[in-house]
Amino acid sequence: MKKTFWIAAIAIAAPTSLFAGQTIAELGQQDRVTVSGIVDRIADEDTFILRDHTGQIPVYLGPNVVPVAVGTAVTVHGIFDDDAPQEIYADRMETDTGTSFSFDRTYE
């Protein structure tokens, strides 16, 4: 009983970044990024704000519509743009329930 409790407590307390390659605060010079977090809010039909325990960043999916709701845990794969405003251009995303999305960027 005690072991199960502690395992559950550690899993709940673990930051979401443990499940991805980077945290939002660690984004910098790298081009390709993988970041996990929670959809904090929908900023536009093709942009949402991703939040982890270190901060938040806009994630651009355009010209695709945001396919998840606020509060969904996701892992985003894409390109980090360090120009102001900093953002991630996502090409793939998975939810914590295993649903995967790929984003077409044919207009670029």
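Along each chain, residues carry numbers from 1 onward, in the same order as the chain's sequence is written. With the structure being a predicted model, the display of local features is reserved for residues of pLDDT at least 70 and the display and counting of side-chain atom pairs for 80 or more, all residues being used for whole-chain, interface and lining totals. To obtain the side-chain values, all non-hydrogen atoms of the structure were used and water was disregarded.

**Student:** What is the right way to look at the packing of aromatic side chains in this model?
**Tutor:** How two aromatic rings sit relative to each other is given by the distance of their centres and the angle of their planes. Here a pair means two rings of Phe, Tyr or Trp (six-membered ring of Trp) with centres within 6.5 Å. Their orientation is stacked below 30 degrees between planes, edge-to-face above 60, and tilted elsewhere. Applying the stated criterion to the full structure yields one aromatic pair. Relative to Y89, the ring of Y60 has its centre 5.7 Å away and its plane inclined at 85°; by these criteria the two rings are edge-to-face. Pair noted here: Y60 is in strand β3 (residues 55–60) and Y89 is in strand β5 (residues 87–95), with a separation of 29 residues, a long-range link. Throughout this description, buried means an accessible area under 20% of the type-specific maximum (1.4 Å probe, protein chains only), exposed means over 50%, and partly exposed covers the range between. What makes Y89 partly exposed here is its relative accessible area of 22%. A run of DSSP states H or I qualifies as a helix once it reaches four residues; a run of E qualifies as a strand once it reaches two. Both are numbered from the N-terminal end.

**Student:** Would you mind going over the nonpolar core with me for this structure?
**Tutor:** Where a protein is soluble and globular, its nonpolar side chains tend to be buried together. To form a nonpolar core, buried Ala, Val, Leu, Ile, Met, Phe, Trp, Tyr and Cys residues must be joined to one another through side-chain atoms within 4.5 Å. If you look at the biggest cluster of nonpolar residues, it comprises 19 residues, and the most contacted ones within it are F48, L50, V59, V74, V76 and I88. Any two residues having at least one pair of non-hydrogen atoms within 4.5 Å are treated as being in contact. Apart from residues lying up to four places away in sequence, V74 is in contact with V35, S36, G37, V39, F48, L50, V68, M93, E94 and T95.

**Student:** Which parts of the structure should I look at to understand the side chain of D81?
**Tutor:** With respect to the helices and strands, the residue D81 is situated in strand β4 (residues 73–81). Reaching out from D81, the side chain makes a polar contact with the backbone nitrogen of D83 at a distance of 3.0 Å. Nitrogen and oxygen atoms within 3.5 Å of one another constitute a polar contact, given that in protein one can donate a hydrogen and the other can accept it, and given that sequence-neighbouring residues count only through two side-chain atoms. A polar contact is formed between the side chain of D81 and the side chain of Y89, at a distance of 3.1 Å. The contacts of D81, once residues within four sequence positions are left out, are Q86, E87 and Y89.

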